[in-house]
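Chain and residue survey
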Amino acid sequence: MKRKLLFAVLLTLTIISKGISGEKLVISTWLKSETHTVILPVFAKTENTSGETFKISELLNFDQADISEHFPIENKELGYFNNERLSWMQDISDSSGFIFPKDDSTSQNPQIAYLAVYINADRFLKTSLEIKSAHMLRVWINGEPIGSKTTVEQQENTVGKVSKDLTLTRGKHLLLIKTLKTPEASLAWKIMANLEIKEPFNISDLAIETHPKTRKHIDHILEGVKISNIQPSQDGKYYIVSYSRALPSDQYERWSEIRLTTDRKLLHSFRHARISQIKWLPNSNRISYINSSSGKSTLFLLDFLTGEINELMKDMEKLSGYTWAPNEEFIVYSKTEEGSSTETDIRQVLGMEDRQGSFRSRSFLYYYNANSGYHKRLTFGNLTTSLQDISPNSKKIIFSQSYPDYTQRPFSLQNMFILDLENYFLDTLWMDEPWGLSVKFSPDGKKLLATGTPESFGGIGKNVPADMIANTSDRQGYIYDLNTKEITAFTRNFAPSLGSVYWHVPDNMIYMITTDKDFRTLYKYNPEKQEIRKVDLGVDYLNSFSLARNTHSAIATASQSNQPEKHFTVNLRNLKTEVIENTEEKIYQYVEFGEVKDWNFTTKAGQEIIGRVYYPPGFDREKTYPAIVYYYAGTTPVGRTFAGRYPFNLWAGNDYIVYVLQPSGAIGFGQEFSAAHVNNWGITVADEIIEGTQKFLNSHPFVNKEKVGCAGASYGGFMTMLLLTRTDIFAAAISHAGISSISSYWGEGYWGYSYSSSASANSYPWNNKELYVEQSPLFHADKIQTPLLLLTGDSDTNVPPGESIQLYTALKILDRPVELVMIKDQDHHILATSKRRQWNNVIMAWWDKYLKDQNEWWEDQFPANNY
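Residues numbered from 1 in each chain as written. Predicted model: local features only at pLDDT ≥ 70, side-chain atom pairs only at ≥ 80, totals over all residues. Heavy atoms only, no water.

Let's talk about the overall build of the protein chain
Basically, it comes down to this: Secondary structure elements follow DSSP: runs of H or I no shorter than four residues count as helices, runs of E no shorter than two count as strands, and numbering proceeds from the N terminus. For the radius of gyration, the atoms used are the C-alpha atoms, and the globule rule reads 2.2 Å times the number of residues raised to 0.38. Exposure categories follow from relative accessible area, calculated using a 1.4 Å probe and restricted to protein chains: below 20% of the type maximum is buried, above 50% is exposed, and the middle band is partly exposed. Should any heavy atoms of two residues lie within 4.5 Å, those residues are considered in contact. Residues scored as positive are Lys and Arg, those scored as negative are Asp and Glu, and His as well as the terminal groups of each chain are ignored. Just so you know, the charge point we use is NZ for Lys, CZ for Arg, CG for Asp and CD for Glu.
Looking only at helices and strands, the protein chain has 14 helices and 54 strands in total. Taken over C-alpha atoms, the radius of gyration comes to 31 Å for the protein chain, in line with the 29 Å a tight globule of 867 residues would show. Dimensions of the protein chain along its principal axes, counting C-alpha atoms only, are 95 × 70 × 60 Å. Across the 867 residues that make up the protein chain, the buried fraction comes to 57%. For the protein chain, contacts bridging at least 24 residues in sequence account for 62% of all contacts bridging at least 6. Across the protein chain, 90 positive and 100 negative side-chain charges occur, with their mean positions spaced 2 Å apart.

This is the structure we're talking about:
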């Protein structure tokens, strides 16, 4: 991770002087390395093919040690230089501001030393850096070279310098200087550096520090090695871990490794190998993976303990996925058949789903015997067939079909079948089920574990008052008896909403990752006792939970609200845990966080609304802070994730109080609470946010009531727009991918009509104009007075850019304070690393402009033009 790091406050001695055009801060406290003597290469005086001898200045550009990820700290080792161990020490300049590396005046060879400090900017600012020395220099800011000096002066009045205008965002920036003294140099080996500050910035906006203690910054989120997946072997002795890291080209390097669980010993690495779909076999410690080239895919089987690799399926075209049978004798795989091209000048649209490029393609199932190499086709027809599971005895498969039905919600129907692989007998479980389900076999193969909506199976899992419509995003669990056809809705009275579920073989328990209010929590269901119990792992947000198929262990990935993600083993018998992967530890090793505290309130209608507050590091109750209110207000709560696209710890690190609340209508609080979302579209939710914000401000006197912003994205972006038509309590607002007109989103967004089948159940523009018009912010644009930033990817297919554009148009005509920023080639989420960094900076600059009265960052990104 390059050190574009922004860090917290530790003041050191500085010298301040007045210049002609501004104030100068002379850096007087430094971290200084020990001096390293460099031996010139042999034949240094022999001319090369260009007729030149070796130049000592080349030693500046040649790095004797890798310092790209080094953070200087007093007494910390810098590295080994020619078998010399160099460390950092703190030193103070003389009264003139010069710092003196240790000089061995008897040396007949060049000498190199390093100097470092952290420039702590308390806000976005611009400054000019000047470094003076009679000796050679090379200078970096945050790991990026910004200048060098290759001359050596022999007179004090001719001393050279390195100058650079710097644009600094809030936080710390590492200034690193490499200085070189030649044997012929006659002047003292000394360096001076200063920063000139000009209006509107002040010298008090800067501090010089010698420790990399920091606050969270966007590069902590984007850079460094991340873990995307981790899977234990069937016996839990090994695991596969998949890593990724962002590259400067907006691409990613991705690779996988196999490690021993007990001590993380590396057993096999796939770095620099182009593989995908790496999987453990069900009952042995072997893995399979796909290697793709030129549009063709080959499946390999690896025994990493012996190193034996077998090629199974070679040069397969359109291979899209595969699953091993439990007996490991065969694979069920899927291949995609391309439909007719949609890339024509004129084409007929075959229904709403045909607007998406893949609708005309179909996928079918095939069988491959790993022992004999025999293939056979299992399914055919005009509907895609999707594998759900293979039976524990490896004799049957269960698969589904789905197809659109635009005449009734939810506009899609599902068929489910069991196929006997020995005699091809096809058993139809259900046809034309409007509320599709995902299913898995029980360990004995006699039942199915199914997850679906409260409306699935004729509404057997529904638990809402008769006058309410269930929120179909509130996932429920069912057990389907294959013999009796009896269905048990075992989560009907269970408030959390299901995510991933697993029926574990060794203990016959069903483990469930759930949305549990704003937490993600693990529960287990005992089918025999018909009881659900919480599995307390002591975490706020469980991202994944992978069970070792044949033993009482698992690997979990989880984080806290103010602690980064960790990956740890779980003993299912005693719940003992042990961290095995923690790449975030290095990234966040010097980052400090403020507290996160719960803050709930009860509405006038008697509904409890939960929330939480993020405090800045070093929070001082006697100070006054600006605040940001964040919400989604749609079907899902804003989870207690550590990172996320809207990183609340980062906002708090910029000295904002951040209040996150969960209005009614979200899943994870019980079906009646989530059903409040249906046909609401802000009717009550907007009032809950306004009431909650007012009560929050009244109970938190350290928040400046005149400097409160609000933000949301997608449905939350719609909520931002709607709020501004109903209140003026906010000083600024941000809507990312917001919906300004419910009807245009309903008809134009790829999934507008299908999302509305739940959010606007049985309501359409022709039968509920009150909802589609009166709840649409566009039709109340004249009520908006608050400065509003509209953000959207220009290629958003979920909430089309037009939703932001049309509100922007209205507000410009109304002469209201509004800005529209479009992110090129980005969809609903801003994923490209460089663009996400810029997008984040736009958001932070907007907050600074209106909540801190600091316009400069915004104006730096968007300078005024006379158009």
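From this point on, the discussion continues.
What to know about the pairing of strand β42 (residues 553–560)
Successive residues of a regular strand alternate their side chains across the two faces of the sheet. Convention followed: Here a strand pair is declared whenever DSSP counts at least two bridges between the two strands.
Among the eight residues in β42, eight count as buried, and that is most of the element. Judged by which residues are buried, β42 turns out to be covered on both faces: S553, I555, T557 and S559 on one side and A554, A556, A558 and Q560 on the other are all buried. Of the pairings in the sheet, the one linking strand β41 (residues 541–547) to β42 comprises six bridges and is antiparallel in character. For F545, the partnering residue across the bridge sits in β42 and is A556. Pairing between β42 and strand β43 (residues 563–571): seven bridges, direction antiparallel. When the bridges of β43 are listed, T557 appears paired with H567.

Description of helix α12 (residues 802–813)
We apply this condition: Each helix should span, by expectation, one fewer than its residue count multiplied by 1.5 Å. Picture the helix axis, draw a direction to every C-beta atom, and the arc is the one those directions span.
An ideal rise of 1.5 Å per residue puts 16 Å on twelve residues; α12 measures up with 16 Å between its terminal C-alpha atoms. Three or more residues of α12 are buried, namely E803, S804, L807, A810 and L811. Down the axis of α12, the buried side of the element spans an arc of 130°, and every buried residue falls inside it. Taken together, the buried residues of α12 touch α8 (715–724), α9 (742–748), β53 (788–793) and β54 (818–823). Count one or two residues on from α12 and you reach D815, which has phi positive near 60°.

Some points on the sheet that holds strand β34 (residues 447–452)
Strand order in this open sheet of four strands is β33-β34-β35-β36, and the pairing throughout is antiparallel. At either margin of the open sheet sits one strand with a lone partner, and together these are β33 (438–441) and β36 (487–488). Sheet topology places strand β35 (residues 476–481) next to β36; two bridges connect them, and they run antiparallel. If you follow I479 over to β36, its bridge partner there is T488.

Here we look at the environment of W599
Here is the rule we go by: Polar contacts, as counted here, are pairs of nitrogen or oxygen atoms within 3.5 Å of one another; within protein the pair requires one atom able to donate a hydrogen and one able to accept it, and residues that are adjacent in sequence qualify only if both atoms are side-chain atoms.
With respect to the element layout, W599 can be found in the loop between β45 (596–598) and β46 (601–602). Of the residues examined, W599 reaches a relative accessible area of 16% and is grouped as buried. Excluding anything up to four places from it in sequence, W599 contacts I610, G611, R612, V613, Y659, G692, K695, F696, S699 and H700. In terms of polar contacts, W599 uses its side chain to reach the side chain of S699, at 3.5 Å.

Let's talk about the sheet that holds strand β32 (residues 426–433)
Worth spelling out the cut-off: For every element, the axis is a line fit to its C-alpha atoms; helices are fit only across the contacting stretch, and the angle between N-to-C directions ranges from 0 to 180 degrees.
Sheet architecture is open: four strands sit in the order β29-β30-β31-β32, paired in antiparallel fashion. Looking at which strands have only one partner, the edges of the open sheet turn out to be β29 (386–390) and β32. Averaged over neighbouring strand pairs, the angle between their axes works out to 15° when direction is ignored.

Description of the nonpolar core
The test is simple: Take the buried residues of types Ala, Val, Leu, Ile, Met, Phe, Trp, Tyr and Cys, join any two whose side-chain atoms come within 4.5 Å, and each joined set is a nonpolar core.
Core analysis: the largest hydrophobic core is formed by 98 residues, its most contacted members being Y630, F648, W651, I657, W681, M719 and W847. Sort the elements by how many residues they give to this core and helix α13 (residues 833–851) lands first, with eight residues. Residues in contact with F648, not counting those within four places in the same chain, are R612, Y614, Y630, V638, V658 and V660. Membership of the second largest hydrophobic core comes to 30 residues, among which are I27, L168, L175 and I203.

Observations regarding the packing of aromatic side chains
So the rule is basically this: When two rings of Phe, Tyr or Trp (its six-membered ring) have centres within 6.5 Å they constitute a pair, described as stacked for plane angles under 30 degrees, edge-to-face for angles over 60, and tilted for the intermediate range. Two thresholds decide whether a charge sits over a ring: the Lys NZ or Arg CZ must be within 6 Å of the ring centre and within 35 degrees of the ring normal.
As enumerated under the stated definition, the model contains 53 aromatic pairs in all. Judged by centre distance (4.7 Å) and plane angle (45°), the ring pair of W858 and F862 falls under tilted. With a relative accessible area of 34%, F862 lands in the partly exposed category. Chaining the aromatic ring pairs together yields one cluster made of Y614, Y630, Y631, Y646, F648, W651, W839 and W847. Stacked on the ring of F359, the Lys or Arg R362 has its end atom at 5.5 Å from the ring centre. Between the NZ or CZ atom of K597 and the centre of the ring of Y615, over which it lies, the distance is 5.5 Å.

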